[in-house]
Each structure stands twice: as C-alpha cells, then as structure tokens.
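Coordinates in review
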Amino acid sequence: MKWRLVFLLALALPEQPLDPFQGGLAASFGHPLGADDLGRDALLRLLLAGGRSVGFASACALLAMGLALLLASRGRRWQGALSALRSLPPVLFLLPLAAAAGGLGLLSLFLLLGLLLAPHLEPPLRARLEAFFQSPAWAAERTLGATPRSTLRRWSPWALDQAAALFPSAWLGALWGEATLSTLGLGPGPGHDSLGRLLLEQLPRLATDPTPLGWAALPLV
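Small disclaimer: the values here were computed from a predicted structure and weren't measured.

Counting 30 residues, the largest nonpolar core has Leu94, Leu109, Leu121, Leu125, Trp171 and Leu181 as its most contacted members. When residues of this core are assigned to their parent elements, the largest contribution, ten residues, is made by helix α2 (residues 42-74). Residues in contact with Leu181, not counting those within four places in the same chain, are Leu94, Leu95, Ala98, Leu104, Leu109, Leu186 and Gly187. Counting residues in hydrophobic clusters, the runner-up holds nine residues, among them Leu33, Ala42, Leu198 and Leu213.

Here's what the structure looks like:
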C-alpha cells in the first residue's frame, strides 16, 4: 500500500511545455522514444502519465476504503442496495453514465469510482470488524463508558490496518476504471494526462503509423 501512496505526488506534477516545432521527432539518444506531435518528450510523458494514473487510482482507493469503513460499521440498513451495487463491476455502471454525459471530469470520476468501489470492499471488511465488535475488548469499551472520540482514537489504527489489506483490490479497480474510460474517450479531458489517454491517442496509429510511444504505452497498460 505504501509505495502506491507515493504516487499521489504525481498528481501535482506540472505538464511538460509544448513545442509543436519539435513535434514528431524520431527516437534518438536524447529522446529514447522520440517526441509526440506537440513536442513533448515521449519517454517523460509516458512516465508522467503512468505516475498520474497510479496516483489517481491510489486516491480513489483511499476514498473507497474510507467509505467502506463507514458502511461496514454503520451501513446495515442498506444491505439490499449494496448487494445490488455489488452485482456488476463498477466500470459497467460508469460506461453508460459517462456516455450519456459525454464524458466525466476528473473530480466526477474520482467520486463515482470511490462510491462504486466501496460496496465491493464492505463485505470482507465487515467480516474483519464483526470479530472485533463481538470481542471482550469492545465489550469492555462499552462497559467502562468510553466516549466515541476516545474509542475512535484508540482503535482507528487497527481498523485502518484491516482496511489496508483490501487496498490493492480497490487500487486495481480504480486504475482499470480510469484507463477504460480514458481509452474510450469518456474519461478526464486532455488536461489530465494518463495511460488511458495515451492509448486513446496512440491505438488508432499502431496499425498504420506506429510510434515508439504507442508501443511502449500498450504493454505498460
């Protein structure tokens, strides 16, 4: 989990400067993958796009974990609705919604992915927490009259450890959802470069005018 959180920093990295007069440069020693049509170094763009995709997935996974913790502790009355949401992968909810809206912005996609991933994390997280809620330690907390604030402060590190075990699956779901929508042209716009946006640009060219950037982006995704 920790190495994935490092990539949150990539979300704040600036875009490369554009230099269209240097666009389409062939691969060379100074530019191992050449330059794209707007003059950006292709290798650096690939690394930045990959970092942003992973950072976005990490942010979505953190949101989904927080919502799943809330659902596991307070969401018993919503079990029917949660079961319906778990019946299909999140991307199958996102695709028609994004198509109807003409695409989803970065913030909208972030919130929707977090909301759709949380119900999938809730059952295993609830199973982990239920064992604690039935333990003597939890009964002692209630018997001794501990306040909700003190209970939260004492046990939140343990609850976060339980949720952290589910972080990789949420991270993969968010990464797949963002890459799928961006590859189809339904994800965040050009202002948010990502692996999916690279594929959106490069896949149509691979059969007729392949570039090193396209071939490098495909196996990376």
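Here the focus is a nonpolar patch on the surface. A cluster of nonpolar side chains, namely Trp3, Val6, Phe7 and Leu9, defines an oily patch on the protein surface of about 430 Å² accessible area. Relative to the assigned elements, Val6 resides in helix α1 (residues 2-6).

As a further point, take the packing of helix α4 (residues 90-101) against helix α8 (residues 167-183). When two helices pack together, their arrangement is captured by the angle between the axes and the distance separating the axes. Look at α4 against α8: their axes get within 10 Å of each other, and the N-to-C directions meet at 30°. Accordingly, the angle class assigned to the pair α4 and α8 is roughly parallel. Our pair here, α4 against α8, has a crossing hand that is right-handed. Two secondary-structure elements touch here, α4 through Val91, Leu94, Leu95 and Ala98 and α8 through Trp176, Gly177, Thr180 and Leu181.

On to the side chain of Asp193, then. Along the chain, Asp193 turns up in the loop between α8 and α9 (195-206). Ignoring anything within four residues of it in the chain, the contact list for Asp193 reads Glu15, Arg40, Arg45, Ala49, Arg52 and Leu198.

Let us look at the pattern of salt bridges. Scanning all chains against the criterion turns up six salt bridges. Salt-bridge contacts for Glu201 lead to Arg45; the nearest nitrogen and oxygen are separated by 3.0 Å. With Glu201 in helix α9 and Arg45 in helix α2, the pair connects residues that are 156 residues apart, well separated along the chain. The salt bridge partner of Glu122 is Arg126, with a shortest N-O separation of 2.5 Å. Residue Glu122 and its partner Arg126 are located together in helix α5 (residues 106-133), separated by four residues, close to a single helical turn. Just as Glu122 is buried, Arg126 falls in that class too. Taken together, the shared-partner salt bridges in this structure form one network comprising Asp36, Arg40, Arg45, Asp193 and Glu201.

Moving on, we get to the packing of α8 against α9. Running from N to C, α8 and α9 point in directions that differ by 30°, and their axes come no closer than 7 Å. Relative to α9, α8 is oriented roughly parallel. Considering only the axes of α8 and α9, their crossing is right-handed. Residues Ala179, Ser182 and Thr183 of α8 form the contact with α9, whose own contacting residues are Gly196, Arg197, Leu199, Leu200 and Leu203.

Cut-offs applied
- Every chain begins its residue count from 1, and numbering advances along the sequence as written.
- Restriction of local features to residues with pLDDT of at least 70 applies here, the model being predicted, together with a cutoff of 80 or more for giving and counting side-chain atom pairs; totals for whole chains, interfaces and linings are based on all residues.
- In computing side-chain properties, one takes all heavy atoms of the structure into account and sets aside hydrogens as well as water.
- The set of buried Ala, Val, Leu, Ile, Met, Phe, Trp, Tyr and Cys residues whose side-chain atoms join them within 4.5 Å is what this entry labels a nonpolar core.
- Exposure categories follow from relative accessible area, calculated using a 1.4 Å probe and restricted to protein chains: below 20% of the type maximum is buried, above 50% is exposed, and the middle band is partly exposed.
- Helical segments are the DSSP runs of H or I of at least four residues, strand segments are the runs of E of at least two, and each set is numbered from the N terminus.
- The criterion used for residue contact is that any of the two residues' heavy atoms lie within 4.5 Å.
- Patch definition: residues with relative accessible area over 30% and no salt bridge; like charges joined within 9 Å; nonpolar side chains (Val, Leu, Ile, Met, Phe, Trp, Tyr) joined within 5 Å.
- Note that accessible areas follow from Shrake-Rupley with a 1.4 Å probe, and for residues the cover is restricted to the protein chains shown.
- Salt bridge criterion: a side-chain nitrogen from Lys or Arg within 4 Å of a carboxyl oxygen from Asp or Glu.
- Fitting a line to C-alpha atoms yields each axis, with helices limited to the stretch in contact; the angle taken between N-to-C directions then spans 0 to 180 degrees.
- Orientation is classified from the angle alone, with under 35 degrees giving roughly parallel, over 145 giving roughly antiparallel, 65 to 115 giving roughly perpendicular, and any other angle giving oblique.
- Should the near helix be turned anticlockwise from the far one by less than a right angle, the crossing is termed left-handed; should it be turned clockwise, right-handed.

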